[in-house]
Amino acid sequence: MHKLDDLDMKLLYELTKDGSISVPNLSKKMGINASVLYSRIKRLTKKKIIKRFTVLVDEAQLGIAVKATIGINRDPKLKDAIHKQLFQTAEIVSISEVTGRFDIMVGVHAESLEQLHTIVIEKIGKIEGIQSTETFVELQKTDKEPSYLISK
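Conventions and cut-offs
- Within each chain, residues carry numbers counting from 1 in the order of the written sequence.
- In keeping with the predicted nature of the model, local features appear solely for residues at pLDDT of at least 70, side-chain atom pairs appear and are counted solely at 80 or more, and the whole-chain, interface and lining totals rest on all residues.
- Side-chain numbers come from the whole structure's heavy atoms, not from hydrogens or water.
- Strands are runs of DSSP state E lasting at least 2 residues, helices are runs of H or I lasting at least 4, and numbering of each runs from the N terminus.
- By this rule the span expected of a helix is its residue count minus one, scaled by 1.5 Å.
- Here, residues are in contact when the closest pair of their heavy atoms is within 4.5 Å.
- When a residue's accessible area, from a 1.4 Å probe over protein chains only, is under 20% of the maximum for its type it is buried; when over 50% it is exposed; and in between it is partly exposed.
- Any two strands between which DSSP finds at least two bridges are classified as paired.
- Summarising the geometry, the arc corresponds to the directions from the helix axis toward the C-beta atoms.
- By definition here, a salt bridge exists when the distance from a side-chain nitrogen of Lys or Arg to a carboxyl oxygen of Asp or Glu is within 4 Å.

**Details of helix H3 (residues 34-46)**
Thought 1: In this model, H3 (13 residues) spans 18 Å end to end at C-alpha, consistent with the 18 Å of a helix rising 1.5 Å per residue.
Thought 2: Looking at the buried residues of H3, the elements they touch are helix H1 (6-17) and helix H2 (23-30).
Thought 3: Phi for Lys48, located one or two positions after H3, is positive at around 65 degrees.

Printed below as a string of C-alpha cells:
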C-alpha cells in the first residue's frame, strides 16, 4: 500500500471527475504549480495508482437499454472452460468469481429485454457446466464516489 498525502488525494479526486482536464487548467483549479502536478501524475501512474485514463461512454446513446447482473452456479470441474466461453460472449462486460449463493456474477448489456432473454437462454444457459442462473435487471443506478476520493 502506498502512502498518499492530501495533495495526491485531491489530485486523484479531480482526475476522477474529469480525466481529460489539462494540467494547466487543473493547476489553476487547484492552485498548485503545474510542474508539481505533472510530477505527481507521473509518480501516481508509475506506482500504478492511476491505472489508465479513459472515456466514460453514454451507453444509452449506443442502444444499450438493459443492464443486468446474472448469478451463475457452475460445475467446478468446468470452471476454466465456462469462464472462457463467458468471456467470448460479446454482451458480457464483466465476470466476477464471488462468495455466497453463486459461483460467478456476470454483468450483461443488452438492447432490449428480448435480447437479454436470448443471451441468458441461448448463450449462457447452453454452456456446458452451467447449472443454474438468476438474472437481476438494473432498474436504476446511482453511482457514489468512493469514500477515499471525497475531497475534505
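Additional details are given in the paragraphs that follow.
**A closer look at the pairing of strand S3 (residues 104-110)**
Thought 1: Among the seven residues in S3, six count as buried, and that is most of the element.
Thought 2: The pairing of strand S1 (residues 66-74) with S3 spans seven bridges and is antiparallel. In the strand pairing of S3, Ile70 is matched with Val106.
Thought 3: As defined by bridge partners, strand S2 (residues 92-97) adjoins S3 across five bridges and the pair is classed as antiparallel. Its bridge partner lying in S3, Ser94 is registered against Gly107.
Thought 4: Counting the residues between successive antiparallel strands, the hairpin from S2 to S3 contains six residues, one of them, Gly100, with a positive phi of roughly 105 degrees.

**Some thoughts on helix H5 (residues 113-124)**
Thought 1: Every buried residue of H5 is listed here: Leu116, Ile119, Val120 and Ile124. With its buried residues spanning 90 degrees around the axis, H5 presents them on a single face. H5 presents Glu114 and His117 as exposed residues on the side facing more than 90 degrees away from its buried surface.
Thought 2: Where the residues of H5 are buried, they touch S1, helix H4 (79-87), S2, S3 and strand S4 (130-137).

**Observations regarding the pattern of salt bridges**
Thought 1: Overall, the coordinates contain twelve salt bridges when judged by the stated rule.
Thought 2: In this structure, Asp5 engages Arg40 in a salt bridge whose closest nitrogen and oxygen atoms are separated by 2.8 Å. Separated by 35 residues along the polypeptide, Asp5 in the segment before H1 and Arg40 in helix H3 bring together distant segments of the chain.
Thought 3: Here Glu145 makes a salt bridge to Lys17, at a shortest N to O gap of 2.1 Å.

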